[in-house]
Amino acid sequence: DVKVTQSSRYLVKRTGEKVFLECVQDMDHENMFWYRQDPGLGLRLIYFSYDVKMKEKGDIPEGYSVSREKKERFSLILESASTNQTSMYLCASSLQGGGLNTQYFGPGTRLTVL
Amino acid sequence: AQTVTQSQPEMSVQEAETVTLSCTYDTSESDYYLFWYKQPPSRQMILVIRQEAYKQQNATENRFSVNFQKAAKSFSLKISDSQLGDAAMYFCAYIRVDSNYQLIWGAGTKLIIKP
């Protein structure tokens, strides 16, 4: 089974702090994703990576950056956390090759910015 | 731009009964994929079922089936013999055939199972 893990289930940070959220997948997937989930808004794509060191902006990249130095690991970085970044963050991975490939999700990180 | 609408923020059903969750989408594409994902209270999102738009036959997976109406741009999920473990948020999602990643998500429907 595909396993996607995220570094923290719950995280509390202060405004202005630099925050790192890490995601690791064990199935050699090319694609990795970071989503933000807010009630009533569904999932919104922050960034997508289709290969090591490759990334594309999603729908809401402002205030975020990403890093993919190894195929299995995809990090989301909040350079200076703000209260409006309080949310649930979901990481996912999938095989490359078109839209039919299932995305496999991690358990999520509930981030609170005070 | 493509959009996905789930008009029911919350649904409830008695255990062992059948429930249908609604999803409509808007697209000008003729070929695409549709998905239903489930997010139980533990938060790990998992794929329930998927449908390829060029296939007329509705997809089924055990107790889960879809009613895909391409002309009406409707993609509802039917859960038969509802079980307590079906309680979750259900998300409908759409993706173009040629897209590698851009899933478009609905807002979700919270399904409550009454024992």
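No experiment lies behind these values; they were computed from the predicted model shown. (Residues numbered from 1 in each chain as written. Chains lettered and ligands numbered in written order. Predicted model: local features only at pLDDT ≥ 70, side-chain atom pairs only at ≥ 80, totals over all residues. Heavy atoms only, no water.)

(A) Looking closely at the pattern of salt bridges. Summed over all chains, the structure comprises 9 salt bridges over all chains. Of the charged contacts in the structure, one is a salt bridge between Asp38 of chain A and Arg44 of chain A, with a shortest N-O distance of 2.8 Å. For Arg44 of chain A, a relative accessible area of 25% corresponds to the partly exposed category. Lys73 of chain B serves as the salt-bridge partner of Asp26 of chain B, at 3.8 Å between the closest nitrogen and oxygen. Of the two residues, Asp26 of chain B is situated in strand 4 (residues 24-26) and Lys73 of chain B in the loop between strand 8 (64-69) and strand 9 (74-79); the sequence distance between them amounts to 47 residues. Classification of Asp26 of chain B by relative accessible area gives partly exposed; the value is 40%. When salt bridges that share partners are traced, they join Arg36, Asp38 and Arg44 of chain A into one network. (Salt bridge = Lys/Arg side-chain N within 4 Å of Asp/Glu carboxyl O. Buried < 20%, exposed > 50% of the residue type's maximum accessible area, 1.4 Å probe, protein only. Helix = DSSP H or I, 4+ residues; strand = E, 2+ residues; numbered from the N terminus.)

(B) Expanded view of the interface of chain B and chain A. Listed per partner, the contact involves 23 residues of chain B and 31 residues of chain A. Both faces considered, chain B and chain A share a buried interface measuring about 2100 Å² in area, 49% of it formed by carbon and sulfur atoms. Where chain B packs against chain A, one counts 0 salt bridges. Among the elements of the structure, strand 5 (32-39), strand 6 (46-52) and strand 10 (88-96) of chain B are those that each provide at least two residues to the side of chain B that touches chain A. Broken down by element, the residue count for the side of chain B that touches chain A peaks at 4 residues, all from strand 5 of chain B. (Contact = heavy atoms within 4.5 Å. Buried area = accessible area lost by both parts, 1.4 Å probe.)

(C) The arrangement of unusual backbone geometry in detail. Of note in the backbone geometry, Asp28 of chain A takes a positive phi value of approximately 60° without being a glycine. Position of Asp28 of chain A relative to the elements: it lies in the loop between strand 3 (19-25) and strand 4 (31-38). Judged by relative accessible area, Asp28 of chain A falls into the exposed class, the value being 51%. Phi at Lys73 of chain B is positive, roughly 55°, even though this residue is not glycine.

(D) Inspection of the packing of aromatic side chains at higher detail. Under the counting rule described, the total for this entry stands at 16 aromatic pairs over all chains. Taking 5.2 Å as the distance between ring centres and 50° as the angle between the ring planes, the aromatic pair formed by Tyr37 of chain B and Trp105 of chain B counts as tilted. Taken together, the positions of Tyr37 of chain B in strand 5 and Trp105 of chain B in strand 11 (residues 104-105) put the pair 68 residues apart, joining distant regions of the chain. Taking the relative accessible area as the measure of exposure, Trp105 of chain B reaches 8% and is therefore buried. Three or more aromatic residues link up through ring pairs in this structure, and these residues are Phe33, Tyr35, Phe48, Tyr50 and Phe105 of chain A together with Phe35, Tyr37, Phe91 and Trp105 of chain B. (Phe/Tyr/Trp six-rings, centres within 6.5 Å; stacked < 30°, edge-to-face > 60°.)

(E) Just the pairing of strand 3 of chain A, in detail. All names here are of chain A. Of the two faces of strand 3, the one holding Val19, Leu21, Cys23 and Gln25 is buried and the one holding Phe20, Glu22 and Val24 is not buried anywhere. Of the pairings in the sheet, the one linking strand 1 (residues 4-6) to strand 3 comprises 3 bridges and is antiparallel in character. Bridging across to strand 3, Val4 finds its partner in Gln25. Taken together, the 6 bridges between strand 3 and strand 8 (residues 73-78) define a ladder with antiparallel strand orientation. Looking at strand 8, one finds that Val19 is bridged to Leu78. (Pairing = 2+ DSSP bridges.)

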